[in-house]
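# Architecture and fold: a report
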Amino acid sequence: MRAPRGKIFLLLALLLTTACSAVDAAHSPAPPARSTAAPSAPKPAPADDRAAAFRKWGIPLLPPPPAPPAVKPIRTGDGAIPVVSDIPTDQKIVFLTFDDGAEKDPKFVQMMRDLKIPFTMFLTDDIIKNDYGFFRPLQALGNSIQNHTLSHPDLHGRSLAQQKHEICFQQTKLTHEYGTAPGLFRPPYGNYNADTRTAVKSCGGLRAMILWRESMQIKKVQFQRPDKKFHPGDIILAHFRGPAQLKGESMTAMTANLLRQIASQGFTLARLDDYV
Ligand SMILES: [Zn+2]
């Protein structure tokens, strides 16, 4: 009896792939990173799909991000490490960031697949190492994974050597796990000193330190400025947090609350990597 031709071909292809991988692994000095593709901006969804996705999650429709600027308004790479809390722009855009990585809610991944809004993740190894894989589909949507230290210490009280260890080793770990070297660093609690800048510069690859202007609580946004409003270019801090940290509220509910407040002030989200 003849096996179908397609099956034989598939089997051959599988054997070849396996063999090649085995040879590559034997010859390469370090284990290959699991993903080599840098995240790229997601393709915009058709307007109807977009509107339906926002309706599904009970959020007013946010306009798509404007075209990225030809020249990034935050200059990097000339030796100094800039510390950035907001981006100079006159467009009604803000930038969403999620920190640490504690909550790993598959519904949040679904929400982001539906909404396709841009955001940036600042991840800490101690908090994500029980499930590095959770963040890969979020990265695959075009969202970058950035450096938030190995163990989330207050860097203020640490020596330069300790700070280098926390930041540079996390740089190596994230590059290995996610296939792309982080370019941005956020110090835990927003605390840093002159040694932090030296450490960030010494790791290689990091171009800026990112702080924030607003932080998302459970239902409300906490504003730094007394007018309690978003301003063009503000960076917003949120966290991967779930019911244990949010008094029973889910991460998707917290995110929906935040997006509603952004929409109510007439803002939309843009991609931080395009501006720094
Ligand atoms: Zn943190």
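Values in this document were obtained by computation on a predicted structure and should not be read as measured data.

The next subject is the overall build of the protein chain. Scanning the protein chain from N- to C-terminus turns up 8 helices and 10 strands. Per-residue burial over the protein chain gives 32% buried out of 276 residues. In the protein chain, the share of contacts with a sequence separation of at least 24, taken over all contacts with a separation of at least 6, comes to 75%.

Within the largest apolar cluster, 54 residues are counted, with the highest numbers of intra-cluster contacts made by V94, F95, I236 and L269. Dropping the residues within four chain positions of it, I236 is found in contact with V94, F95, L96, T97, W212, E214 and M216.

For M121, the position within the fold is in strand β3 (residues 120-123). Along the backbone, M121 and L138 are 17 residues apart, and their C-alpha atoms lie at a distance of 9.1 Å. Dropping the residues within four chain positions of it, M121 is found in contact with F98, F135, L138, N143, I145 and Q146.

Direction vectors running N to C along helix α3 (residues 106-115) and helix α8 (residues 251-264) enclose 35 degrees, while the axes themselves pass 8 Å from each other. Facing α3, whose interface residues are K107, F108 and M111, α8 presents M251, T252 and T255. Residues of the contact of α3 with α8, tallied by class, amount to 3 nonpolar, 2 polar and 1 charged.

When you line up the elements, T196 lands in helix α7 (residues 194-203). Sequence spacing of T196 and I167 is 29 residues, and the spatial spacing of their C-alpha atoms is 8.9 Å. Setting aside residues up to four positions removed in sequence, T196 forms contacts with L155, Q163 and P187.

Bringing the confidence of the model for the protein chain into the picture now. Averaged over all residues, the pLDDT of the protein chain equals 88, while 84% of them reach at least 70. For the protein chain, per-element mean pLDDT is lowest for helix α1 (residues 5-27), which scores 40, and highest for β3, which scores 99.

On to unusual backbone geometry, then. In this structure, H152 is a non-glycine residue whose phi angle is positive, near 60 degrees. You can see H152 is positioned in the loop between β4 (145-147) and α6 (160-178). The phi dihedral of K228 falls on the positive side, at around 50 degrees, and the residue is not glycine. Its place among the elements puts K228 in the loop between β8 (221-223) and β9 (235-239).

The next point concerns the pairing of β3. Residues T120 and F122 line one face of β3 and the alternating positions M121 and L123 line the opposite face, and both faces are buried. Examined bridge by bridge, strand β2 (residues 93-100) and β3 share 4 bridges and lie parallel to one another. Of the residues in β3, the one forming a bridge with F98 is M121. Read from β2 through α3 to β3, the crossover connection turns out right-handed. Note that β3 and β4 share 3 bridges and pair parallel. Along β4, the bridge assignment pairs M121 with I145.

Calculation rules
- Residues numbered from 1 in each chain as written.
- Predicted model: local features only at pLDDT ≥ 70, side-chain atom pairs only at ≥ 80, totals over all residues.
- Helix = DSSP H or I, 4+ residues; strand = E, 2+ residues; numbered from the N terminus.
- Buried ≥ 20, exposed ≤ 12 C-beta atoms within 10 Å, placed from the backbone.
- Contact = placed C-beta atoms within 7 Å.
- Core = buried A, V, L, I, M, F, W, Y, C linked by C-beta atoms within 7 Å.
- Axes fitted to C-alpha atoms, helices over the stretch in contact; angles between N-to-C directions.
- Nonpolar A, V, L, I, M, F, W, Y, C, P; charged D, E, K, R; others polar.
- pLDDT = per-residue confidence, 0-100.
- Pairing = 2+ DSSP bridges.
- Right-handed = clockwise from strand over helix to strand, strands pointing away.

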